[in-house]
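# Remarks on the overall topology
The primary structure of each chain is shown beneath.
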Amino acid sequence: MTADIRGTVPVHRAAPAPAPPAAPRRRGRWGVQIFLSAVSLVFVAPLLLAVYASLRPYQDTAQHGYFSWPRHLSFGYYRQAYTESGMGRYFANTLIIAVPAVIVTLFLAAFVAFAVSRLKLRGGLVLLVFFTAGNLLPQQVIVTPLYVLFNRIPLPWWMSDSLTLYDSYWAVIIVNIGFQLGFCVFVLANFMRTLPQEILEAAIVDGAGVWTQFWRITLPLCRPALAALATLEFTWVYNDFLWALIFISDPDKLPITSSLNNLRGQFFTDYNLLAAGSVLVALPTILVFLLLQRHFIAGLTLGSTKG
């Protein structure tokens with residue numbers, strides 16, 4: 001209440017209008033959540049169906065269908081799938097290929113990304129484009145040249161039974177490193193560009209060399225990005241079937257993805273048994289994601305906020 005300048009009659013000011021209700025915003029938020037839940041269910045549904053089928057006898061699903069209510073559930077198919085396919089040996093073969101491939105890929109990618117993004121090398125952008133462009137090359141284009149090349153590269157007897165790069169774990173490891181290196185360099189280089197330059201400048205003032213700047217300063221700050229890449233790279237290398245099928249001829253050296261063929265019969269295939277084997281094959285990748293989930297999510301959300 002205030003007094004008018006021209007008189008003594010008080011003048012009342014209008015009260016501010018009430019804020020509009022937040023109902024439209026809440027409805028929009030609920031709509032986004034419903035949409036994301038539906039998309040997640042679409043992606044998870046095949047895995048859930050495989051788990052459901054692996055717990056039921058084949059006679060039950062053959063008589064009543066896969067989407068019927070189960071009459072009997074058991075874990076017998078998992079034991080049968082593990083023993084009949086020789087999955088233990090194939091798991092070991094996959095780890096021999098995947099673990100070195102992921103470690104070497106991330107190590108080399110971190111080196112190149114540091115040189116391109118932090119050392120201000122001349123032609124660094126061209127080098128980054130070169131590594132990234134390698135991912136655009138179709139894998140099938142170089143299958144024949146690599147097959148011929150690997151048959152001509154000799155290896156000592158303790159590295160390869162065939163005395164060549166062909167039919168050895170090294171062939172699959174090298175190919176996976178070559179094809180995954182460009183993507184990792186691209187991701188790490190862009191992440192390292194977001195690190196404060198003042199950190200390295202302070203380290204240089206304190207007398208830190210290039211190796212110290214990389215190993216003790218930059219690399220620890222890249223832990224979320226490295227964890228996210230490690231999860232993706234392990235999944236991709238673990239699920240690879242093409243390169244092992246081409247460059248390995250010894251059945252005892254094949255990775256886990258080829259073990260599922262041992263569960264197929266010549267005239268009949270028990271798809272419930274095959275579903276149990278598929279779930280067992282997928283377990284290591286799920287375990288790796290669960291172990292690195294916190295770092296993986298942190299790596300995905302890097303750069304989403306400032307400050």
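Residues numbered from 1 in each chain as written. Predicted model: local features only at pLDDT ≥ 70, side-chain atom pairs only at ≥ 80, totals over all residues. Heavy atoms only, no water.

### Some thoughts on empty space enclosed by the protein
Following the criterion strictly, the structure yields two cavities of 30 Å³ or more and no others. Of the voids in this model, the largest cavity is the one considered here, and its volume is about 50 Å³. Going through the elements one at a time, α4 (87-117), α7 (169-192) and α10 (223-238) are the ones with two or more residues in the lining of the largest cavity. By residue class, the composition of the lining of the largest cavity is six nonpolar, two polar and one charged. Estimated volume of the second largest cavity: approximately 30 Å³. Of all the secondary-structure elements, those providing two or more residues to the lining of the second largest cavity are α8 (197-205) and α9 (210-221). Examining the composition of the lining of the second largest cavity, we find that three residues originate from one element, α9, more than from any other. Residues of the lining of the second largest cavity, tallied by class, amount to six nonpolar, one polar and one charged. (1 Å grid on protein atoms, 1.4 Å probe; cavity = no way out; pocket = protein on both sides within 12 Å on 5 of 7 lines; lining within 4 Å. Points joined across faces, edges and corners; volume = space filled by probe spheres on them. Helix = DSSP H or I, 4+ residues; strand = E, 2+ residues; numbered from the N terminus. Nonpolar A, V, L, I, M, F, W, Y, C, P; charged D, E, K, R; others polar.)

### Description of a nonpolar patch on the surface
On the surface, a cluster of nonpolar side chains totalling about 890 Å² of accessible area is made up of V32, F35, L36, V39, L41, V42, F43, V44 and L48. Assignment of secondary structure puts L48 in helix α1 (residues 23-54). (Patch = residues over 30% accessible without salt bridge, like charges linked within 9 Å, V, L, I, M, F, W, Y side chains within 5 Å. Areas by Shrake-Rupley, 256 points an atom, 1.4 Å probe, with all protein chains shown as cover. Salt bridge = Lys/Arg side-chain N within 4 Å of Asp/Glu carboxyl O.)

### Some remarks on unusual backbone geometry
Phi at L163 takes a positive value of approximately 65 degrees, unusual for a residue other than glycine. Position of L163 among the secondary structure elements: in the loop between α6 (143-152) and α7. Residue classification places L163 among the partly exposed positions, given a relative accessible area of 46%. Not every positive phi belongs to a glycine, and D167 is a case in point at roughly 60 degrees. By the element assignment, D167 lies in the loop between α6 and α7. (Buried < 20%, exposed > 50% of the residue type's maximum accessible area, 1.4 Å probe, protein only.)

### What to know about the packing of α4 against α7
Interaxial distance between α4 and α7 falls to 7 Å at its minimum, and their mutual angle equals 35 degrees. By crossing handedness, the relation of α4 to α7 is classed as right-handed. A breakdown of the residues in the contact of α4 with α7 according to their chemical character gives 22 nonpolar, five polar and no charged. (Axes fitted to C-alpha atoms, helices over the stretch in contact; angles between N-to-C directions. Left-handed = near helix turned anticlockwise from the far one by under 90°.)

### Side note on the confidence of the model for the protein chain
When the pLDDT values of the protein chain are averaged, the result is 84; 86% of them are 70 or greater. Across residues 1-5 the pLDDT falls below 50, and counting only partners more than four positions away or on other chains, this stretch makes nine contacts in the model. (pLDDT = per-residue confidence, 0-100. Contact = heavy atoms within 4.5 Å.)

### As for the side chain of T257
Looking at the element boundaries, T257 is found in the loop between α11 (242-247) and α12 (271-291). Of the residues examined, T257 reaches a relative accessible area of 17% and is grouped as buried.

### Here's the deal with the packing of aromatic side chains
A complete count under the given rule lists 14 aromatic pairs for this structure. Centre to centre, the rings of Y147 and Y166 are 5.2 Å apart; their planes meet at 75 degrees, and the pair counts as edge-to-face. One end of the pair, Y147, is in helix α6; the other, Y166, is in the loop between α6 and α7, and 19 residues separate them in sequence. Judged by its relative accessible area of 38%, Y147 is partly exposed. Y166 gets classed as buried once you look at its relative accessible area, which sits at 14%. Ring plane angle 5 degrees and centroid distance 5.6 Å describe the contact between W243 and F247, whose orientation is recorded as stacked. Residue W243 and its partner F247 are both found in helix α11; the two are separated by four residues, about one turn of the helix. The class of W243 is buried, set by a relative accessible area of 1%. Taken together, F107, F111, F114, W211, F214 and W215 form an aromatic cluster joined through their ring pairs. One cation-aromatic arrangement involves R89 over Y90; the distance from NZ or CZ to the ring centre is 4.8 Å. (Phe/Tyr/Trp six-rings, centres within 6.5 Å; stacked < 30°, edge-to-face > 60°. Lys NZ or Arg CZ within 6 Å of the ring centre and 35° of its normal.)

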